[in-house]
Amino acid sequence: IRARAAQRKGGEAVLASLLGPAPDNHAVAKISDDRILSTMAERVFAAGFVWRVIEQKWPGFEEAFLGFQPRSLLFQPDDFWHDLASDSRIVRNPQKIRSVRENAAFVDRISRENGGFGRFLAAWPADDQIGLMAWLGKNGSRLGGNTGQYFLRWIGWDTFILSADMSAALRDAGLDIAEQPTSKKDLAKVQAQINAWAAESGLPRAHISRILAMSIGVNRT
C-alpha cells in the first residue's frame, strides 16, 4: 500500500514529506483549555462550510468569543450569545454558536475533573480512537462523526481520518466494511486493522491514515 502511494505521489521522499510530523499524544496534555475550545469551535464551524473562509475569519472569531476562555464565556449572559447571531466578525449560525456555549461548559467540566482537558485526552489509550470519538460525540456538542476526528487531528492527537479514500483503501486491502463505515462493528474492524499496522510498521496512526488515503482514488496534487 505504501509503495503504491509513493508511486502515485512521485516517490518515497515526496510521500514522506506529505505525512507531516509524527503526532505526540503526550504533548496534548500541555494544550490549554482555551486552545482546546478554539479548535473544537473551528472544526464545528468548518463542518459543511468552506474551510478557507473560516480560516480567514478566525481572528474575528477569537475576538468575538473572548479568546475562547471557557470560564469567561460561561459568565456571559444570554444577551451576549443572542448578539453573536448578528455579529459580522463570525459566521452567524445560531446552532453552531450555541455549540460553543455548550462546549465551553463541557471543556470546563472535564478540565476541573482532570486538571486540564488536554490531560484527559493525553491519557486516553492511543489504540482506542473509536472509543474517544464516541465519547466526544456523546458528551460534546456537534463533535460526532468527522468533526470529532478532525478536532483530534488538529490538536495533535494521533488520529486516523475515515475519509472516503481511506475507507476505499481499507476495502481494497480486504477489510469487510461498508463504503461509509459508521456502525460499531465496522469501526471496530477499522480500529483493529489500524492498530495491527501500527504495531507492524511502527508508524503513527495518522501517517497510516494518510498513506491509505494517498494510495487510491483521485490522485490530488
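About the criteria used
Residues numbered from 1 in each chain as written. Predicted model: local features only at pLDDT ≥ 70, side-chain atom pairs only at ≥ 80, totals over all residues. Heavy atoms only, no water. Helix = DSSP H or I, 4+ residues; strand = E, 2+ residues; numbered from the N terminus. Rg over C-alpha atoms; globule rule 2.2 N^0.38 Å. 1 Å grid on protein atoms, 1.4 Å probe; cavity = no way out; pocket = protein on both sides within 12 Å on 5 of 7 lines; lining within 4 Å. Points joined across faces, edges and corners; volume = space filled by probe spheres on them. Nonpolar A, V, L, I, M, F, W, Y, C, P; charged D, E, K, R; others polar. Buried < 20%, exposed > 50% of the residue type's maximum accessible area, 1.4 Å probe, protein only. Arc of directions from axis to C-beta. Contact = heavy atoms within 4.5 Å. Salt bridge = Lys/Arg side-chain N within 4 Å of Asp/Glu carboxyl O. Axes fitted to C-alpha atoms, helices over the stretch in contact; angles between N-to-C directions. Parallel < 35°, antiparallel > 145°, perpendicular 65-115°, else oblique. Left-handed = near helix turned anticlockwise from the far one by under 90°. Phe/Tyr/Trp six-rings, centres within 6.5 Å; stacked < 30°, edge-to-face > 60°. Polar contact = N/O pair within 3.5 Å; in protein donor to acceptor, adjacent residues only side chain to side chain.

Undergrad: Explain the overall build of the protein chain to me, please; I cannot follow it from the model alone.
TA: Looking only at helices and strands, the protein chain features 13 helices and 0 strands. Ordered by position in the sequence, the α and β elements of the protein chain form the string α-α-α-α-α-α-α-α-α-α-α-α-α. Whereas a compact globule of 221 residues would reach a radius of gyration of roughly 17 Å, the protein chain reaches 19 Å, a difference of no more than 12%. By its C-alpha atoms, the protein chain is 55 × 35 × 30 Å across when sized along the principal axes.

Undergrad: Would you take a moment to explain the layout of surface pockets for this structure?
TA: In this approach, a probe sized like a water molecule rolls over the atoms, and the result shows the empty space that is left. In this structure, the largest pocket spans a volume of roughly 550 Å³. Considering the residues around the largest pocket, the lining is formed by 19 residues, among which Ser 163, Arg 210, Ala 213, Met 214 and Arg 220 are closest to the centre. Here the residues of the lining of the largest pocket are counted per class, giving 9 nonpolar, 4 polar and 6 charged. Here the second largest pocket defines a volume of roughly 470 Å³. For the second largest pocket, the lining is made up of 18 residues, of which Gln 149, Leu 162, Pro 181, Thr 182 and Leu 187 are closest to its centre.

Undergrad: Help me out: how do you make sense of the side chain of Gln 129 in this one?
TA: Here Gln 129 is to be found in helix α9 (residues 129–139). The exposure class of Gln 129 is buried, given its relative accessible area of 0%.

Undergrad: Sorry, what's going on with helix α1 (residues 2–9) here?
TA: The set of residues buried in α1 consists of Ala 5, Ala 6 and Lys 9. Angularly, the buried residues of α1 cover 100 degrees about the axis, an arc narrow enough to put them on a single face. Of the exposed residues in α1, those oriented more than 90 degrees away from the buried face are Ala 3 and Gln 7. Its buried side turned inward, α1 meets α2 (12–19) and α13 (205–214). A positive phi of about 105 degrees marks Gly 10, the residue just after α1.

Undergrad: Explain the pattern of salt bridges here, please?
TA: Side chains that differ in charge, positive against negative, can pair when their charged atoms come close. Following the criterion strictly, the structure yields 12 salt bridges and no others. The partner of Arg 35 in a salt bridge is Glu 62, with the nearest N and O atoms 2.9 Å apart. Taken as a pair, Arg 35 in helix α3 (residues 33–46) and Glu 62 in helix α4 (residues 51–64) lie far apart in primary sequence, 27 residues in all. Here Arg 35 falls in the partly exposed class, since its relative accessible area comes to 31%.

Undergrad: Just to check I follow, could you spell out the packing of α3 against α4 for this structure?
TA: Packed helices, taken two at a time, are described by their axes: the angle between them and the distance between them. One way to put it is that α3 packs onto α4 with a least axis distance of 10 Å and a crossing angle of 140 degrees. Our classification of the angle between α3 and α4 gives oblique. Helix-helix and strand crossings are classified by hand; for α3 and α4 the assignment is right-handed. Contact residues: Arg 35, Ser 38, Ala 41, Glu 42, Arg 43, Phe 45 and Ala 46 in α3; Trp 51, Ile 54, Glu 55, Trp 58, Phe 61 and Glu 62 in α4.

Undergrad: Just to check I follow, could you spell out the packing of aromatic side chains for this structure?
TA: The description of an aromatic ring pair uses the distance of the two centres, along with the angle that the planes make with each other. Scanning the entire structure with this criterion turns up 18 aromatic pairs. Taking 5.2 Å as the distance between ring centres and 85 degrees as the angle between the ring planes, the aromatic pair formed by Trp 51 and Tyr 150 counts as edge-to-face. Here Tyr 150 lies in helix α10 (residues 145–155) and Trp 51 lies in helix α4, a separation of 99 residues in the sequence. Its relative accessible area of 33% is what places Trp 51 among the partly exposed residues. Judged by centre distance (5.2 Å) and plane angle (90 degrees), the rings of Phe 80 and Trp 81 are edge-to-face.

Undergrad: Could you clarify how one ought to interpret the side chain of Thr 159 in this entry?
TA: With respect to the element layout, Thr 159 can be found in the loop between α10 and α11 (164–172). Residue Thr 159 is classed as buried on the basis of its relative accessible area of 0%. For Thr 159, the side chain forms a polar contact with the main-chain oxygen of Trp 157, separated by 2.7 Å. If near-sequence neighbours (up to four positions away) are discounted, Thr 159 is found in contact with Gln 129, Gln 149, Leu 152, Arg 153, Arg 205 and Ala 206.

In short, geometric facts, not functional conclusions.
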